[in-house]
Each structure stands twice: as structure tokens, then as C-alpha cells.
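The chain contents come next:
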Amino acid sequence: MRLHARGLPQGFAETRIGQVVTTPVSGDRSDFILYSRSEPSDCRGYLAVITPVPQPVVCAAAPVVWGVHGLDYLVDGDVIAVDPTGFVRTLYRRSSRHNFILATEQCNSYCLMCSQPPRQMDDFSRLADHFRVIDLIDPATEDLGITGGEPTLYGDRFLELIAHCKQRLPNTALHVLTNGRLFFYRRFAERLSQVAHPDLILGIPLYSDVDFEHDFIVQARGAFEQTVIGMLNLDLHDVSVEIRIVLHRQTVRRLTKLAAMIARNFPFAFHVALMGLEPFGFVHRNVDVLWMDAAEYRDELSETVSILSAAGLPVSIYNHQLCTLNVDLWPFARKSISDWKNVYLDECEGCTVRDDCGGFFQSATRLHNKIAPIT
Amino acid sequence: MSSFQLRDAFLPHDGYRLLPFRFLQIDGGRKLLVNDTGESHFLANADFADFVEGRLDVYRDTYLDLKAKHFLFDSGSLAPFELLVAKYRTMKSFLSGFARLHIFVATLRCEHSCHYCQVSRVSSDRSRYDMSAESASRALDLVFQCPATGLKIEIQGGEPLLNFPRIRQIVTEAEERARGAGKDIEFVVTTNLACIDDEMLAFFEEHGVFISTSLDGPADLHNANRPRPGGDSHARTIDGIRRVRERLGNDRVAALMTTTRRSLSRGRDVVDEYLARGFSSIFLRPLSPFGFAAKTSQTTGYTVDEFLEFYFETLDYIVKVNASGTYLAETYAQILLRRIFTSFPTGYVDLQSPAGAGIGAVVFNYDGDVYASDESRMLAEMGDHSFRLGNVHTDRYGDIFGGPVVRRIVESSVIESIPGCCDCAFQPFCGSDPVFNYATQGDLVGHQPGSEFHRKNFAIIKHLLLQYDEDAAARRVFRSWIGDR
């Protein structure tokens with residue numbers, strides 16, 4: 001499944017973000033983008049029209065992108081953006097539990113294994129688009145992620161973003177992925193707390209129990225200091241914190257000690273996520289420093305989960321195939337890979353636990369754990 | 001890694017400094033280091049020398065271990081100090097709720113005549129030994145002046161079921177007041193279950209009352225320890241446990257055992273009895289050195305060393321039982337392991353600093369007198385009223401809980417300042433029992449080298465630390481106890 005497609009534009013001046021409709025609607029059409037599988041007959045009033053029809057469409061009343069393929073999964077209520085270049089991006093799918101908002105591509109860290117490498121460009125103007133998406137999302141949505149880049153770089157406007165989610169989507173659990181560094185400033189943590197979002201969790205990575213190891217991994221001096229104090233500040237102000245650990249050669253080395261450190265210092269954590277490496281982005285550039293087959297650290301992982309569980313911390317293991325884990329860890333393994341990038345290998349045919357297994361990243365055919373199907 | 005910096009670029013280069021810690025030569029080759037927040041680390045003697053003399057190499061894992069556990073720091077970073085503060089605050093958080101455990105002695109009467117019992121009376125004189133409705137009501141006035149939002153009331157005796165109307169009154173009145181005050185409240189009735197009936201069970205079910213009972217082992221041992229008319233204590237207790245479980249649920253009853261001289265050779269039998277009765281925890285408790293127990297110590301009592309031998313043997317057996325797949329936690333080890341391996345306080349008032357007597361728990365005696373602890377009122381039954389804090393009919397909350405007795409107890413039980421304790425590596429895991437010190441040594445602070453409290457706790461803490469470090473099977477079992485909520 002691809003979350004974007006390219007067609008040819010006609011009549012565009014600016015990006016349009018709207019809710020997908022697949023059949024004509026009456027009344028006010030100004031929030032809707034018509035997805036017409038055949039030549040559209042009535043385009044009037046729509047924000048835009050997209051269609052797989054392979055030639056220009058007779059329609060003066062709305063901008064159109066024609067020749068769009070690969071978005072057959074779209075249903076009414078999904079939210080898409082259509083650019084003047086003919087680029088169509090799926091921003092929200094009603095049927096998915098993996099919806100997220102990519103707040104910004106800028107970041108104040110530069111992690112060795114970043115799956116979404118940061119870009120140095122001022123893209124803060126996208127915030128208006130994010131507000132618009134939040135306005136269009138079905139309020140019955142159960143979960144929404146906010147990711148980046150580093151979302152807190154918006155500063156005060158990050159708080160407004162959370163407040164907007166609270167106002168428009170009061171029943172949607174909000175999961176923000178942040179390095180937590182800016183919560184070093186206690187007032188920022190306090191003000192986030194004052195937003196009083198009813199169901200907010202900040203997922204914050206901690207990669208080592210020792211500052212210079214963590215700082216090396218995130219390639220930022222002083223990051224450990226800021227993140228650690230940030231987490232204390234968030235706890236002080238009753239904001240829920242999840243600790244996220246990406247597993248690779250640099251983090252596995254002291255993994256059990258990191259677990260003990262978390263148990264001692266952050267027993268308040270809402271959840272600890274132990275995550276297999278996503279084979280995207282910088283991973284390929286740093287593969288020699290990072291790559292480690294899951295089989296090589298399976299015992300450390302068992303010990304780690306044992307330490308965290310003894311501290312009463314809920315633990316999940318993400319992005320691992322069941323056959324790479326010791327059986328004692330199976331209850332902790334989650335099918336975590338987002339539906340749109342999840343695949344299984346040919347070897348997985350005939351595996352008896354395939355249905356319970358999280359499988360692989362779509363792009364993992366190049367770089368993945370050695371597997372041994374369970375028969 | 002062209003646009004990335006190498007690991008070496010992030011290493012500190014100005015040397016390191018020590019953070020405060022205590023240590024102990026735990027075996028021939030190793031020191032054990034423990035800091036104020038209970039972080040601990042074993043270090044070979046040679047490494048210890050390198051470490052304290054500033055020669056530890058930043059490339060060694062030991063350097064990273066000691067840094068992560070806050071035994072050293074090496075840059076201008078604030079994080080170690082903020083983390084130490086947070087851990088220390090968590091460790092001492094038991095102080096913030098003040099005396100939230102309220103023990104009511106509903107009656108001193110009991111139909112058992114246990115050899116080790118400190119206080120009970122076999123008597124039918126209700127007017128002399130039962131708590132009055134008025135005393136209970138006045139005591140509740142004090143309970144609801146406690147600043148904690150979560151309160152706990154434990155009703156004991158004697159045998160409290162012999163004064164069931166008082167239980168009924170305390171529970172219903174407390175519930176009503178808790179609703180009005182917006183407080184959470186939980187109830188425990190400590191009973192031998194010998195005379196429990198359906199009316200009582202229905203009441204406990206309706207009010208979510210938790211039952212704590214005594215089970216000393218198999219029938220012969222239990223009945224020898226706990227005589228009653230008819231010699232049927234064991235049968236009645238077992239039947240009572242069954243009825244409580246049927247009516248209230250499996251998790252609503254727990255049992256405690258008291259170790260007597262007779263028990264010393266029977267550790268396995270006691271454990272097997274707990275397993276046979278389906279318990280998931282057992283508390284191997286030594287005798288309290290008070291009351292009748294002191295008088296009968298030749299036949300009932302034993303030395304600390306005898307107790308420790310029994311304790312370790314039985315603990316080994318319990319660990320084996322767990323390792324082969326049956327969960328059974330030993331409560332005292334569980335409390336200490338949580339102290340050693342987590343930042344959280346345990347709520348166990350008999351092992352904290354300052355001591356829990358009067359600030360973690362308080363006892364309302366049958367006659368309205370208020371005592372700092374169960375042991376304090378036992379001492380009073382022997383004629384020594386040193387730890388009487390006041391009386392529910394004549395004294396106000398501030399006079400009782402802020403009075404000279406409580407102040408003396410607190411001042412005398414801060415182990416951070418007690419000779420012998422202040423230098424002890426195990427200090428963050430331990431506590432003080434000034435009432436015990438007073439009863440056994442005539443002084444609240446006590447003399448640690450001669451203290452049975454010290455000998456017992458030092459030996460058990462050391463045993464647990466070493467076993468956790470050296471025995472992987474035991475470590476897994478211990479973790480399951482620590483994590484059990």
C-alpha cells in the first residue's frame with residue numbers, strides 16, 4: 001500500500017486538503033474532495049477532484065488531478081491532500097489504527113538510525129495544514145500519532161496543536177513521538193500539562209543508561225541531560241511518558257543495564273517499547289555500526305523484559321518476528337508494523353504462528369532478521 | 001559515517017568525581033557499594049581501589065556502570081543530581097501520607113490461648129476487655145484527621161469476631177465518613193476464623209473486607225502452637241479459610257505464620273501446608289520478644305541464629321518450589337527485595353526510617369488508649385506505658401500525633417544518624433524499631449552490634465543480595481516476587 005500517488009493537475013493554484021467522497025454529495029461540498037473512478041459529471045463546489053481517468057477532464061468548477069493510480073483503498077471520510085503538482089497524499093484513513101501527523105521534518109537530534117532523516121528547512125508553515133487535517137478527521141477515531149522530525153520545535157504552537165486535538169478530537173488517544181529534550185525547561189512541561197489533554201502519551205526515546213552513549217547515538221551533546229530531566233519534569237506535571245528503545249548494536253550493548261536504570265529512575269513510565277530497527281533512512285548509511293540480527297540479542301532481550309516487568313513496568317516488543325524471540329517473550333510481542341508497510345516473506349508460508357506474528361517492514365527484503373519459521 | 005561523529009567525540013575528558021556512597025567488604029574479593037537511594041554495585045577489590053583513587057578508565061564497563069548508578073559523575077551535567085533527588089523523594093514518599101494505617105483493638109478477649117500471644121485474655125468479661133462504641137467513634141474522629149487520601153483500618157484483638165458489633169460499627173461508620181471526606185478506605189480484619197459465621201461473612205462480602213488469619217503449619221504444629229478448647233484450631237482455621245474464599249473470593253484471605261521453637265525443624269512442612277491450602281504468599285515471622293512470648297521463651301523461644309538458620313533453609317525450599325513452577329512469595333524477603341531493587345517504599349511500617357510507629361501506623365486500644373504500635377500496647381499490657389500517645393476521649397489529634405512520645409520515637413529512629421546504622425552499607429534497605437530497642441536494650445536508639453533486630457536484618461539482606469547476584473534461578477524467582485502486584 002502506498003500513501004501517495006502522482007497524477008496530472010489541471011486548474012490548481014494551491015494545495016487542497018479535504019475529506020474524500022466517492023459518490024456525489026448534495027449541499028455544501030467545500031470540505032470534500034471527490035474521488036471519481038470514472039469521468040466525473042458534476043464537479044461543482046468540490047475542493048478538488050481526483051480520478052484515474054487517463055486524460056484531462058471537462059471541469060471548470062474545481063481543480064482536478066487525473067491519471068491517479070494506487071489509491072483504490074480510499075473510502076469516504078479519509079483525508080487527503082492534493083498539490084498543484086499533481087501529487088496526492090493520503091493523510092488519514094478511517095480504517096487504520098496507524099494514523100499520524102508528520103508535524104515537521106526538522107529535528108534537534110540526528111540519530112544514527114533515524115528512519116525519517118531530518119531536513120534543515122523551515123517547514124513550520126505546515127502547521128495550518130495539520131490544524132485543517134484535525135478538523136476533518138472523524139471524531140470517532142481511536143488513536144492518532146504526532147511525529148516528526150521533532151514536533152516540540154514548534155514551541156508554543158506545539159501546545160496549540162495539542163489543544164486543538166483536545167478540542168476537536170476529545171475521544172482520540174494522542175501519541176506524540178518526541179525526543180523530550182525541550183521539556184528540560186520545566187515551564188514547557190507545565191504548560192503542556194495545563195492543556196489537560198484527556199488521553200495524551202509522549203513516546204520518548206532513551207538509548208543508554210549513560211549520557212555519552214545516548215548522546216553519541218542521537219548525535220547531540222547534552223541530549224541525554226535534556227531528555228532525562230525532561231521526563232522528570234513531565235512526570236512532575238502528570239504527563240504520561242512512554243520510553244522507547246530502538247534495538248541495534250549500540251543500544252543492545254548495555255540494554256539490560258538500561259532496563260535496570262529505567263526501573264530505578266523512571267518507574268513512573270506508562271510503558272516501555274522495545275523496537276526492532278526499521279530499515280529506513282540513516283540505517284543504511286550506518287549499517288555497520290548498527291545492524292545486529294535479533295537472534296544475537298534474544299537472551300539480552302529476555303533479561304531486559306524480566307527486569308522491567310519486575311519493576312511493574314508494562315513492556316511491549318515491536319517489529320520482531322516471533323521466531324527471532326525466545327518463547328518467554330511472545331506474550332510481549334505486538335503486531336506493530338503499520339498496516340501499510342507490513343509484509344511476510346516467502347519462507348513464512350507454512351509457519352504455524354504466522355497469524356500472530358508481526359512480520360516485516362515492506363522495505364525489509366534487503367535487510368532483515370534471519371528467521372526460522374515455527375512448524 | 002561521514003556526516004556522523006564518532007563515539008569518542010562524546011566522551012568526557014576532565015576526569016570524574018565521586019558521589020556519596022557507603023560500602024562493605026561483602027566477600028573475600030569484592031566490595032558492595034550502596035548509595036543513599038539504594039543503588040548497589042559489586043566491585044572487585046582492585047577495581048574499588050582504582051575507582052576511589054580516580055584511576056578508573058572511561059573505556060571500561062565498570063566506569064559506565066558506576067556512572068549510571070550514580071556513584072560517580074564526570075561533567076557539568078545536572079541529570080545525576082535531579083535523578084538522585086527524584087529517587088530519594090520516591091524512596092521516602094511513605095512520609096507524605098503520615099499515619100494512614102489505623103489498628104483497632106476491638107477486644108482483648110480470645111478463645112485461643114497461644115503460647116506466644118502477647119496480650120489476649122481468655123475471659124467473658126465484655127465490659128472490661130471490649131472496645132466501647134463510644135471509643136470506636138472517637139477513634140474514627142482521629143482517623144479522619146489523617147492527611148492521607150488512602151486510609152487503612154485493621155481490626156484485630158484478641159479475637160475481634162468476639163466483638164462483631166464493634167467491627168460492624170467501625171466499618172459502616174468509616175465508610176460513611178470516607179464518602180463524605182472523599183477518601184479511599186480499606187479494611188482488614190485479623191482473625192483466627194474459629195468462630196466466623198454466615199452473618200459475618202455476608203457483612204465482609206458487602207463491605208469488601210480483607211481477611212488476615214494465622215496458619216502456623218500442619219495440624220499438629222498449628223494446634224500445639226495455638227491451643228483452644230477442643231484442640232481444633234487448625235480444623236477451624238482451614239474451614240474458615242475455605243468459607244471466606246467461597247464467599248469473598250480467593251484473593252480476599254492471606255495467612256501469617258509465627259515461628260516457635262517447635263517450628264524450627266518443620267520449615268518444609270509449614271511451606272507444604274501453605275501450598276496445600278492454595279496460598280500464594282507465606283510470611284516467615286519470628287516471635288515478637290514481648291509479652292507472654294518473653295515469659296515462655298525457654299519452651300517457645302530461640303536465638304536469632306536459630307531463627308536465621310530456619311529462615312534460610314525454608315527460604316531455599318520456597319525458592320525451589322517457585323523455580324519448579326508454583327508461585328509462593330515469602331513476604332519478608334519480598335519486602336526487602338523491593339527495598340533493594342526498586343525505588344519504591346514498601347508500606348511495611350516495621351522497617352523504615354524514621355520508624356513507622358506513630359507516623360506510619362497507630363493503634364487504638366480496646367480501652368481508648370492510643371499507642372504508637374502493636375508492640376507498644378503489648379508493652380503496656382506488661383505495665384510499661386512509655387509508648388502511650390494519649391487517649392481518644394481526652395486528647396486531640398495534634399496532642400497525640402505531635403506529642404513528645406511521637407517526637408522521641410522519630411528522633412530516635414532516623415537510621416541515617418544512628419550509631420552503627422549511619423555507616424552501614426545496607427542502610428537504605430533497612431529501618432529501625434525503637435520500641436524493640438527499648439524493650440530489649442532499655443534505650444530507643446539501641447546498640448546495634450548487640451541488637452537482634454540488626455543481626456536478623458543484616459544477615460537476611462546480605463543473603464538476598466548475594467543470592468540475587470550469584471544464583472540465576474533464585475534471581476528469576478525474586479523478580480517474580482518484586483513484580484507481583
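Residues numbered from 1 in each chain as written. Chains lettered and ligands numbered in written order. Predicted model: local features only at pLDDT ≥ 70, side-chain atom pairs only at ≥ 80, totals over all residues. Heavy atoms only, no water.

Digging into the overall build of chain B
For clarity, the threshold we go by: Numbering goes from the N terminus for both helices and strands, where a helix is a DSSP run of H or I of at least four residues and a strand is a run of E of at least two. Only C-alpha atoms enter the radius of gyration, while the globule expectation follows 2.2 Å times N to the 0.38, with N the number of residues. Only protein chains enter the accessibility calculation, which uses a 1.4 Å probe; a residue is then buried when its area is under 20% of its type maximum, exposed when over 50%, and partly exposed in between. Only heavy atoms matter for contacts: two residues are in contact if any of them lie within 4.5 Å across the pair.
Broken down by element type, chain B carries 20 helices and 16 strands. Taking 2.2 N^0.38 as the reference for a compact globule, 485 residues should give roughly 23 Å; the C-alpha atoms of chain B span a radius of gyration of 24 Å, in line with that estimate. Considered along the principal axes of its C-alpha atoms, chain B spans approximately 85 × 50 × 50 Å. Counting only residues that meet the buried cut, chain B has 56% of its 485 residues in that class. Put simply, 69% of the contacts in chain B that link residues at least 6 apart link residues at least 24 apart.

Quick notes on the interface of chain A and chain B
Put simply, the rule reads: What gets called buried area is simply the loss in accessible area from a 1.4 Å probe that two parts show on being joined, summed for both. Basic side-chain nitrogens of Lys or Arg form a salt bridge, by our definition, when they fall within 4 Å of a carboxyl oxygen of Asp or Glu. The definition of a polar contact used here is a pair of N or O atoms within 3.5 Å, where within protein one atom must be able to donate a hydrogen and the other to accept one, and adjacent residues in sequence count solely through side-chain atom pairs. Here the term charged refers only to Asp, Glu, Lys and Arg, the term nonpolar to Ala, Val, Leu, Ile, Met, Phe, Trp, Tyr, Cys and Pro, and the term polar to all other amino acids, Gly among them.
On the chain B side, the residues contacting the 38 residues of chain A number 41 residues. Carbon and sulfur atoms make up 56% of the surface buried where chain A meets chain B, a total of about 3,200 Å² over both sides. One can count 6 salt bridges joining chain A with chain B. Here Lys-67 of chain B and Asp-211 of chain A are joined by a salt bridge, their closest N and O atoms 2.6 Å apart. Our enumeration of links across chain A and chain B arrives at 19 residue pairs in polar contact (both at pLDDT 80 or more). Among the secondary structure elements, those contributing two or more residues to the side of chain A that touches chain B are α4 (211-218), α5 (223-236), α7 (255-265) and α9 (298-310) of chain A. The class makeup of the residues in the side of chain A that touches chain B is 19 nonpolar, 6 polar and 13 charged.

Structural notes on the sheet that holds strand β16 (residues 388-391) of chain B
This is how it is decided: The pairing criterion is simple: DSSP has to find at least two bridges between the two strands.
The 9 strands lie next to each other as β12-β10-β9-β8-β7-β6-β14-β15-β16 (chain B), forming an open sheet whose pairing is mixed. Edge positions in the sheet fall to β12 (284-285) and β16 of chain B, since each of these pairs with one other strand and no more.

Let's talk about the pairing of strand β8 (residues 184-190) of chain B
Residue and element names in this part refer to chain B. This is how the line gets drawn: Here the term right-handed applies to a crossover when the path leading from its first strand over the helix to its second strand runs clockwise, the strands being oriented away from the viewer.
Two strands pair when backbone bridges link them, and strand β7 (residues 150-156) and β8 are joined in this way by 6 bridges, in the parallel orientation. For Lys-152, the partnering residue across the bridge sits in β8 and is Glu-186. In this region the chain leaves β7, passes through helix α6 (residues 164-181) and returns to the parallel neighbour β8; the handedness of that crossover is right-handed. In this fold, β8 hands off to helix α7 (residues 198-206), which returns the chain to strand β9 (residues 210-214); that crossover is right-handed.

Here's the deal with the domain arrangement of chain B
To keep it simple, the criterion reads: Residue ranges for the domains trace back to a domain assignment, done automatically or taken from a database.
Domain parsing of chain B yields domain 1 (7-91) and domain 2 (98-280 + 290-299 + 345-401). Once you take the C-alpha centre of each, domain 1 of chain B and domain 2 of chain B turn out to be 44 Å apart.

Section: the confidence of the model for chain B
Atomic detail in the predicted coordinates should be set aside for any region of low pLDDT. What counts, and what does not: Values of pLDDT, the confidence the predictor places in each residue, fall between 0 and 100.
Of all residues in chain B, 97% attain a pLDDT of 70 or more, and the chain-wide mean is 94. The ipTM value of the predicted complex is 0.91, and its pTM value is 0.92.

Quick notes on the pattern of salt bridges
Residues and elements named next belong to chain A. Applying the stated criterion across every chain, the model contains 57 salt bridges over all chains. We note a salt bridge from Asp-135 to Arg-168, for which the minimum N-O separation is 3.6 Å. One end of the pair, Asp-135, is in helix α1 (residues 127-136); the other, Arg-168, is in helix α2 (residues 156-168), and 33 residues separate them in sequence. We note a salt bridge from Glu-190 to Arg-187, for which the minimum N-O separation is 3.4 Å. Linking Glu-190 with Arg-187, this pair stays in helix α3 (residues 186-195), spanning 3 residues, or about one helical turn. Take Glu-190: its relative accessible area is 27%, and that puts it in the partly exposed class. For Arg-187, a relative accessible area of 49% translates into the label partly exposed.

Here we look at the nonpolar core
Going by this rule: Only buried residues count toward a nonpolar core, which is a set of Ala, Val, Leu, Ile, Met, Phe, Trp, Tyr and Cys residues joined through side-chain atoms within 4.5 Å.
Phe-104, Phe-204, Phe-364, Phe-426 and Trp-481 of chain B are the most contacted members of the largest nonpolar core, which has 130 residues in total. For this core, the two domains that each supply at least three residues are domain 1 (7-91) and domain 2 (98-280 + 290-299 + 345-401) of chain B. Here Phe-364 of chain B is in contact with His-102, Ile-103, Phe-104, Val-105, Met-131, Ala-139, Leu-142, Val-143, Asp-369, Val-370 and Val-392 of chain B, once residues within four sequence places are set aside. Counting residues in each nonpolar core, the second largest holds 75 residues, with Leu-174, Met-231, Leu-234 and Val-272 of chain A among its members.

A word on the domain arrangement of chain A
Residue and element names in this part refer to chain A. Here the domain parsing of chain A yields domain 1 (2-92) and domain 2 (100-333). Distance from the C-alpha centre of domain 1 to the C-alpha centre of domain 2: 35 Å. Each partner contributes residues to the interface: domain 1 has 9 residues there, and domain 2 has 8 residues. In total, about 760 Å² of surface goes out of reach between domain 1 and domain 2, with carbon and sulfur atoms giving 60% of it. The tally of links from domain 1 across to domain 2 stands at 1 salt bridge. Across the pair Asp-31 and Arg-132 runs a salt bridge, and its minimum N-O distance is 3.2 Å. Inspection of the domain 1/domain 2 interface yields 4 residue pairs in polar contact (both at pLDDT 80 or more). Here the side of domain 1 that touches domain 2 gets 3 residues from one element, more than from any other, and that element is strand β3 (residues 16-21).

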